[in-house]
Amino acid sequence: LGVDTRGTNAGNAMRKAARQMEAVIEAMKDAGVDESDIMTVRLDLDQYRQRNADREVVERGWRVSNRVRAVIRDVDRTSDAIDAAVTAGATEIDSVRFRASDPSAAVAEARVAAIDSAATAASTLAGASDLEVFDVVRIVEAGQRYPSYLQSWVGDTAALAERAYSTPIEPG
């Protein structure tokens, strides 16, 4: 989930984004998302420009994009949490993914099924070639890898707290 804001200067754009993201984070927490399940995954500040009627590049201000990843552990509350975030000011929803919190049992079951399937395929191929299967020579596992997220890149958080505004950065 994210917010995108614009301002006439960098500070103005950052303040707007900070206020908006604080509201989004609070709404997510109010919807039952634990604070430890909310993590900042991206914060961008850049100048935006446009071409005028004479095709000249004109600086129009500053843009801030702030994104968090939220883990909603109760699937039945997903819609409510997303709706609350949008109502609070979220302007971007990058993706919604569903994943088992502990896939180890399903992965183990899939590995057993994969070995059974490979053994059946090997027997079929060997039989069609008038050969026999003896020993397993090598097993190679390939497949889905889960994305890793930047866990912590926040610098001096005390300096942020002293300002009149604070951009929410959530370590998750």
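Quick note: structure is the one above.
Because the structure is a prediction, the values reported are computed rather than measured.

Cut-off values and rules
Residues numbered from 1 in each chain as written. Predicted model: local features only at pLDDT ≥ 70, side-chain atom pairs only at ≥ 80, totals over all residues. Heavy atoms only, no water. Helix = DSSP H or I, 4+ residues; strand = E, 2+ residues; numbered from the N terminus. Buried < 20%, exposed > 50% of the residue type's maximum accessible area, 1.4 Å probe, protein only. Contact = heavy atoms within 4.5 Å. Areas by Shrake-Rupley, 256 points an atom, 1.4 Å probe, with all protein chains shown as cover. Pairing = 2+ DSSP bridges. Axes fitted to C-alpha atoms, helices over the stretch in contact; angles between N-to-C directions. Salt bridge = Lys/Arg side-chain N within 4 Å of Asp/Glu carboxyl O. Arc of directions from axis to C-beta.

Quick look at the overall build of the protein
Okay, step 1: What the protein contains, in helices and strands, is 4 helices and 3 strands.
Okay, step 2: Of the regular secondary structure in the protein, the N- to C-terminal order runs β-α-β-β-α-α-α.
Okay, step 3: Considering the protein as a whole, with its 172 residues, one finds that 23% of them fall into the buried category.
Okay, step 4: Taking contacts inside the protein between residues at least 6 apart in sequence as the whole, the part at least 24 apart equals 66%.
Okay, step 5: For the protein, the accessible area works out to roughly 12,000 Å², and carbon and sulfur atoms hold 50% of it.

Observations concerning the side chain of Asp 37
Okay, step 1: Within the element layout of this structure, Asp 37 appears in the loop between α1 (10-30) and β2 (38-51).
Okay, step 2: Contacts of Asp 37, omitting those with residues within four sequence positions, involve Arg 69, Ala 70, Val 71 and Arg 73.

Focus on the sheet that holds strand β3 (residues 57-70)
Adjacent strands of a sheet pair through backbone hydrogen bonds, lying either parallel or antiparallel.
Okay, step 1: Reading across from one edge, β1-β3-β2 is the order of the 3 strands in this open sheet, with antiparallel pairing throughout. Edge positions in the open sheet fall to β1 (2-7) and β2, since each of these has one partner strand only. In this sheet, adjacent strand axes meet at a mean angle of 15° when their direction is disregarded.
Okay, step 2: Here β2 pairs with β3 via 13 bridges, running antiparallel. From the neighbouring strand, Arg 42 faces β3, where its bridge partner is Arg 67.

Considering the environment of Tyr 48
Okay, step 1: Along the chain, Tyr 48 falls in strand β2.
Okay, step 2: Under the relative-accessibility criterion, Tyr 48 is labelled buried at 13%.
Okay, step 3: A sequence separation of 11 residues divides Tyr 48 from Glu 59, and the C-alpha atoms of the two residues are 6.2 Å apart.
Okay, step 4: Not counting chain neighbours up to four residues away, the residues in contact with Tyr 48 comprise Arg 6, Val 58, Glu 59, Arg 60, Gly 61, Trp 62 and Arg 63.

Focus: the pattern of salt bridges
Okay, step 1: With the rule as written, the count across this model stands at 8 salt bridges.
Okay, step 2: Across the salt bridge formed by Asp 4 and Arg 67, the nearest N and O atoms sit 3.1 Å from each other. Remark: Arg 67 occurs in strand β3 and Asp 4 occurs in strand β1; sequence separation between them is 63 residues.
Okay, step 3: Residue class for Asp 4 comes out partly exposed when judged on its relative accessible area of 28%.
Okay, step 4: Two residues, Glu 92 and Arg 67, come together in a salt bridge whose shortest N-O distance is 4.0 Å. Of this pair, Glu 92 sits in the loop between α2 (78-88) and α3 (104-128) while Arg 67 sits in strand β3, and the two are 25 residues apart along the sequence.

Points about α2
Okay, step 1: Regarding α2, the residues found buried are Thr 78, Ala 81, Ile 82 and Ala 85. One side of α2 holds all its buried residues, which, seen down the axis, span an arc of 95°.
Okay, step 2: Buried-residue contacts for α2 involve α1.
Okay, step 3: A positive phi of about 130° marks Gly 89, the residue just after α2.

Geometric descriptors of this kind do not, in isolation, establish any biological role.
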